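Chain by chain, the residues:
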Amino acid sequence: GSTSMASWAEYFASYGFIAMTIGNFDRRGIRDGDSEWDYEDRALGLLDAIETIKQEEIREFSPLNGKVDTSSFAVSGYSTSGGGAHTAATMDSTLKAAVLLNPAVLFLDSVNCSEEMAYYCLIEEHLDHDVPVLIYAGENELTELGTGYDNVWAPVQYDYVPETTDKVYFESSGQGHGSSYFPIGG
């Protein structure tokens, strides 16, 4: 149901990758017209999408029948969906990569996070995983978004991913939070 990542899906597909876009997975349902989700919900949605593609490998009349490498998947997302992709990397160590586009992420953690933040925060232990990450950010992202976001965005995530995990941080000069919304141009 998502079209916001359609240009990225087309970009990946143009290089021979199977790409799928999804809307927000909301295990609690829609209430009062607003979807209530968290980063784990988005991660579960991404991991479920992978299972859907894996099933196409064996579905008799699927155009992907016999053509899917079921051992090689990556997740990606923009902004809070980038946080969902990062959360998926903490949940599934078999992922080959996570491409995080201007990502924001918080984890529900009633032990380490404060009640004022509804028990959501980001600490180093939350991103202790081995899945390689490519993190895109905009140079002016933190300035553009204002105070209160400095501990959830790309630079902190990069720092919190262990040094033993393959990781790359790319920052677009002079750009803000929308720097990676489209794969090419704007």
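The numbers attached to residues start from 1 for each chain and follow its sequence in the written order. Reporting in this predicted model follows two pLDDT cut-offs: at least 70 for local features of residues, and 80 or more for side-chain atom pairs to be given and counted; totals over whole chains, interfaces and linings ignore these cut-offs and use all residues. Side-chain measures were taken over the full set of non-hydrogen atoms in the model, leaving aside hydrogen atoms and water.

Under the pairing criterion, centres of Phe, Tyr and Trp rings, with the six-membered ring standing for Trp, must be within 6.5 Å; the plane angle then separates stacked pairs below 30 degrees from edge-to-face pairs above 60, leaving the rest tilted. Inspection of every chain in the model, using the stated rule, returns nine aromatic pairs. For the pair Tyr 181 and Phe 182, a centre-to-centre distance of 4.9 Å together with 90° between the ring planes defines the contact as edge-to-face. Overall, the relative accessible area of 36% leaves Phe 182 in the partly exposed class. Among the aromatic residues, those joined into a cluster by ring pairs are Trp 8, Tyr 11, Phe 12, Tyr 15, Tyr 136 and Phe 170. Here, a charge over a ring is recorded when the distance from Lys NZ or Arg CZ to the ring centre is within 6 Å and its angle to the ring normal is within 35 degrees. Residue placement shows Lys 167 over the ring face of Tyr 158; its charged tip is 4.3 Å from the ring centre. A 1.4 Å probe rolled over the protein chains alone gives each residue an accessible area, and that area as a share of the maximum for its type sets the label: buried under 20%, exposed over 50%, partly exposed in between.

Quick look at the sheet that holds strand 8 (residues 167-172) now. Spatial ordering of the open sheet is given by 3-4-7-8, a layout of four strands whose pairing is parallel. Each having just a single partner strand, strand 3 (74-78) and strand 8 make up the two edges of the open sheet. Within the sheet, the average angular offset between the axes of one strand and its neighbour, ignoring direction, is 10°. Two strands qualify as a pair provided that DSSP identifies no fewer than 2 bridges between them. A run of H or I in DSSP counts as a helix once it spans at least four residues, and a run of E counts as a strand once it spans at least two, with each numbered from the N terminus. Across six bridges, strand 7 (residues 133-138) lies against strand 8 in parallel orientation. Bridging across to strand 8, Ile 135 finds its partner in Tyr 169. Should any heavy atoms of two residues lie within 4.5 Å, those residues are counted as being in contact. Under this scheme, a helix contributes an axis fitted over its contacting stretch, all axes are lines through C-alpha atoms, and angles between N-to-C directions fall in the 0 to 180 degree range. Contacts from helix 3 (residues 80-91) reach strand 3, strand 4 (97-101) and strand 7, with the element oriented near 155° to strand 3.

Expected helix span is given by 1.5 Å per residue-to-residue step, counting one fewer step than there are residues. Its 20 residues place the ends of helix 2 (residues 39-58) 30 Å apart at the C-alpha level, agreeing with the 28 Å of an ideal helix rising 1.5 Å per residue. The secondary structure elements touched by the buried residues of helix 2 are strand 3 and helix 3. N or O atoms within 3.5 Å of each other form a polar contact, as long as, within protein, one can give a hydrogen and the other can take it, and as long as residues adjacent in sequence are counted only when both atoms are side-chain atoms. Its side-chain oxygen 3.0 Å from the backbone nitrogen of Glu 40, Asp 38 forms the N-cap of helix 2.

Quick look at the confidence of the model for the chain now. Averaged over every residue, the pLDDT of the chain is 89; residues scoring 70 or more account for 89%. Confidence of the predictor at the level of single residues is given by pLDDT, which spans 0 to 100. Summarising per-element confidence for the chain, the mean pLDDT is lowest in strand 1 (residues 30-31) (52) and highest in strand 4 (97).

If you trace the backbone, Asn 102 turns up in the loop between strand 4 and strand 5 (107-108). A polar side-chain atom of Asn 102 sits 3.2 Å from the main-chain carbonyl oxygen of His 177. Separated by 2.4 Å, the side chains of Asn 102 and Ser 180 make a polar contact.

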